[in-house]
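Observations on chain architecture
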Amino acid sequence: MGSLLKLTDTTKQFQGLRAVDAINLDMKENTIHALIGPNGAGKTTTVNMITGVHSVTSGTIEFDGHDITGMPTYKIARLGIGRTFQNIKVFPTMTLLENVMVGGHQCTKLGALRTIFDIRGAKREEEMLKEKAENILKKLGLYELRNELMQNLPYGRQKISEIGRAMMTDPKLILLDEPAAGLNPSERGELIKVIKAAYGEGLSFFLIEHNMDVIMSISDYITVLSFGKLIAEGTPQEIQNNPEVIASYLGEKYKQKMAEE
Ligand SMILES: Nc1ncnc2c1ncn2[C@@H]1O[C@H](COP(=O)(O)OP(=O)(O)OP(=O)(O)O)[C@@H](O)[C@H]1O
Ligand SMILES: [Mg+2]
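Summarised in this report is the structure supplied together with it. (Residues numbered from 1 in each chain as written. Chains lettered and ligands numbered in written order. Predicted model: local features only at pLDDT ≥ 70, side-chain atom pairs only at ≥ 80, totals over all residues. Heavy atoms only, no water.)

1. Points about helix H1 (residues 43–50)
The line we're drawing: Burial classes follow relative accessibility: with a 1.4 Å probe on protein chains only, a residue under 20% of its type's maximum area counts as buried, one over 50% as exposed, and anything between as partly exposed. Per the convention used, a helix needs a DSSP run of H or I reaching at least four residues, while a strand needs a run of E reaching at least two, with both numbered from the N terminus.
Burial runs high along H1: seven of the eight residues are buried. Remark: Gly52 follows H1 within two positions and exhibits a positive phi of approximately 85 degrees.

2. Brief notes about the site of ligand 1
The line we're drawing: One heavy atom within 4 Å of a molecule or strand is enough for the residue carrying it to be called near that molecule or strand. N or O atoms within 3.5 Å of each other form a polar contact, as long as, within protein, one can give a hydrogen and the other can take it, and as long as residues adjacent in sequence are counted only when both atoms are side-chain atoms. In these tables, accessible area is a Shrake-Rupley quantity obtained with a 1.4 Å probe, and a residue counts as shielded only by the protein chains included in the view. Any residue that is not Ala, Val, Leu, Ile, Met, Phe, Trp, Tyr, Cys, Pro, Asp, Glu, Lys or Arg is counted as polar, Gly included; the first ten are nonpolar and the last four charged.
The full set close to ligand 1 counts 14 residues, and Gly40, Lys43, Thr44, Thr45 and Gln86 are the nearest of them. Gly40 is positioned such that a nitrogen or oxygen atom in its backbone is 2.8 Å from an oxygen atom of ligand 1. In this structure, Thr45 approaches ligand 1 through a side-chain N or O atom, which is 2.6 Å from an oxygen atom. Coverage of ligand 1 by the protein chains reaches 64% of its 640 Å² of free accessible surface. For the shell around ligand 1, the element with the most residues is H1, which contributes three residues. Class assignment of the residues belonging to the shell around ligand 1 gives a composition of five nonpolar, seven polar and two charged.

3. Regarding the coordination of the magnesium ion (ligand 2)
Where we set the bar: Each metal's donors are the N, O and S atoms found within 2.8 Å of it, except that Na, K and Ca use a 3.2 Å limit; water is left out, so coordination can look incomplete.
Those protein atoms acting as donors to the magnesium ion (ligand 2) are Thr44 (OG1) and Gln86 (OE1), and they sit at 2.0 to 2.2 Å. With a gap of 42 residues between them, Thr44 in helix H1 and Gln86 in the loop between strand S6 (81–83) and helix H3 (96–105) connect regions that are remote in the sequence.

4. Focus on the sheet that holds strand S7 (residues 173–177)
Cut-off, in case you're wondering: Strand pairing is assigned whenever DSSP detects at least two bridges linking the two strands. Angles here are taken between N-to-C directions and fall from 0 to 180 degrees, while the axes themselves are lines fitted to C-alpha atoms, restricted in helices to the stretch in contact. Any two residues whose heavy atoms approach within 4.5 Å are treated as being in contact.
Taken in spatial order, the six strands of this open sheet run S6-S7-S8-S3-S9-S10, and their pairing is mixed. Two strands in the sheet have a free side with no partner beyond their single neighbour: S6 and strand S10 (229–234). Averaged over neighbouring strand pairs, the angle between their axes works out to 20 degrees when direction is ignored. Together, strand S3 (32–36), S7 and strand S8 (204–208) form the strand contacts of helix H7 (residues 185–200), whose direction differs from that of S8 by roughly 150 degrees.

5. What about the pattern of salt bridges?
Test applied: Salt bridge criterion: a side-chain nitrogen from Lys or Arg within 4 Å of a carboxyl oxygen from Asp or Glu.
By the definition in use, this model includes eight salt bridges. In this structure, Asp64 engages Lys172 in a salt bridge whose closest nitrogen and oxygen atoms are separated by 3.1 Å. With Asp64 in the loop between strand S4 (58–63) and strand S5 (66–67) and Lys172 in the loop between helix H6 (155–167) and S7, this pair connects stretches of sequence that are 108 residues apart. A salt bridge links Glu190 to Lys193, with the shortest nitrogen-to-oxygen separation between them at 3.4 Å. Highlighted residues: Glu190 and Lys193, both in helix H7, separated by three residues, approximately one helical turn. According to the relative accessible area criterion, Lys193 is exposed, its value standing at 54%. Linked through salt bridges whose partners overlap, the residues forming this network are Arg18, Asp21 and Lys229.

Here's what the structure looks like:
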């Protein structure tokens, strides 16, 4: 299988701190690849480097055959990478449909200027975005709720809608930063269904997540970070049984889980 996303000795240094320390990661095409590890391990920083939000201190990042190291975020998005954020970013007083449509505006041609000089063209574009957002909402099982205000929807639905927004640019890969955080078990089930369905249609996912049930049920391959360093990689089975991962991360997780049950 070909490589979709490849990090080579990728490093991010913030002043004195090596938040991500020379990691090597090779994500294959058509997979769900998870990135796990304790708080502060460097997971979000990794996603921010992949999407061009943070510059890379050293090393390289390749996506789909392109060297994207140092590229501006909009170009990386155009090449086919979408993302969601660790902290929910929705417009509470806009409808669900409008929230999803927002994801498409960045890729329409001239934006605001065009709207002023070519009202008819802009309207056509808006119609196209609307139709696209409606189709995505159908796929996510949220179409019936399209005209609800975001703030009136349960948190789990709001989180899933962010995946829909990311889908508006027709990405090949979506980076999800803790999509299951704050979701109840039934919402987590919904999320898993949505990710699996999109995966079935050809989308790949790079998934940061602390919830082990979610990770273990959908990942093809897992990379583990701790204090900026890659400490293990392998299949869910291999990771669950890796002594170093258990010692530095999973041990504490399982203790937490036992305490909750
Ligand atoms: N913009 C920044 N400036 C300085 N330090 C930062 C910055 N962003 C992150 N860090 C530091 O880099 C380290 C890695 O942070 P990061 O957010 O990538 O961790 P994470 O693995 O996503 O953790 P969590 O599971 O809590 O979300 C942390 O020590 C964090 O404090
Ligand atoms: Mg994070």
